[in-house]
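# Report on the structure
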Amino acid sequence: AQRVTQPEKLLSVFKGAPVELKCNYSYSGSPELFWYVQYSRQRLQLLLRHISRESIKGFTADLNKGETSFHLKKPFAQEEDSAMYYCALNTGFQKLVFGTGTRLLVSP
Amino acid sequence: EPEVTQTPSHQVTQMGQEVILRCVPISNHLYFYWYRQILGQKVEFLVSFYNNEISEKSEIFDDQFSVERPDGSNFTLKIRSTKLEDSAMYFCASGQDGFYEQYFGPGTRLTVT
């Protein structure tokens, strides 16, 4: 079965602190993984895809196939990073399987 | 930058009524999707649509649901006889290919009373 697990509903940090949003997946094939972000009252937007190995807004994510993880990291959180973050898996069958999301709250 | 648009932003309907949710995907995209998010739950896939036909659907997408691309620009989701449990945020998405990035609309909040 295809499944994405985000164990933390809420992650609260202070500005400047490191952030790690956890994501684990279950899929027997070769996964394509994404992080989507939803700022307050805005649409879901793509933050990162593992295939491009890029850094967006200081965030990075590495696919670890051994641990079936795709954790999202940022070394120094900013207040404007406060949002809902969703990890998603595309198994190649034209659908995204989402995790339950983690709300990141960055306090000044 | 082109965006996916959805109308209405909020729809209130009575149980048993039909609703049509509308989406305008990004113009050069070929793949279209509907997802829903019940309050407090995760975003769930409903259906994907390519080349004027459904390419995949979830078990949620039963006979009460249908999708259509009536005129080459709009993409609609119809719920024939709404139930209370259909209350959710419905997101439309589109993509250039079927495997990579999907661009999401702002969502339509459907409230069934």
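A short tour of the structure in this document, coming up. (Residues numbered from 1 in each chain as written. Chains lettered and ligands numbered in written order. Predicted model: local features only at pLDDT ≥ 70, side-chain atom pairs only at ≥ 80, totals over all residues. Heavy atoms only, no water.)

## Notes on the interface of chain B and chain A
Taken together, the 22 residues of chain B in the interface contact 20 residues of chain A. Each partner contributes to the roughly 1900 Å² buried at the junction of chain B and chain A, and carbon and sulfur atoms together form 54% of this total. Where chain B packs against chain A, one counts three salt bridges. Where chain B meets chain A, there are seven residue pairs in polar contact (both at pLDDT 80 or more). Those elements that place two or more of their residues in the side of chain B that touches chain A are strand 4 (31-37), strand 5 (43-50) and strand 6 (53-57) of chain B. (Contact = heavy atoms within 4.5 Å. Buried area = accessible area lost by both parts, 1.4 Å probe. Salt bridge = Lys/Arg side-chain N within 4 Å of Asp/Glu carboxyl O. Polar contact = N/O pair within 3.5 Å; in protein donor to acceptor, adjacent residues only side chain to side chain. Helix = DSSP H or I, 4+ residues; strand = E, 2+ residues; numbered from the N terminus.)

## Details of the packing of aromatic side chains
Overall, the coordinates contain 16 aromatic pairs over all chains when judged by the stated rule. Seen in terms of ring centroids, F98(A) and F104(B) are 6.0 Å apart; in terms of plane orientation they differ by 75 degrees. Their pairing is edge-to-face. Taken together, the residues F98(A) in strand 10 (residues 96-98) and F104(B) in strand 10 (residues 103-104) connect one chain to another. When its relative accessible area of 1% is taken as the criterion, F98(A) is described as buried. (Phe/Tyr/Trp six-rings, centres within 6.5 Å; stacked < 30°, edge-to-face > 60°. Buried < 20%, exposed > 50% of the residue type's maximum accessible area, 1.4 Å probe, protein only.)

## Overview of the pairing of strand 4 of chain B
All names here are of chain B. Of all seven residues making up strand 4, seven are buried, and the element is well covered by its neighbours. By the alternation rule, side chains of strand 4 split into Y31, Y33, Y35 and Q37 and F32, W34 and R36, which are all buried. Bridging between strand 4 and strand 5 involves seven bridges; their strand directions are antiparallel. Bridging from a neighbouring strand, R36 pairs with E44 of strand 5. Pairing geometry for strand 4 and strand 9 (residues 88-95), over seven bridges, is antiparallel. Across the sheet, residue W34 finds its bridge partner in strand 9, namely C92. (Pairing = 2+ DSSP bridges.)

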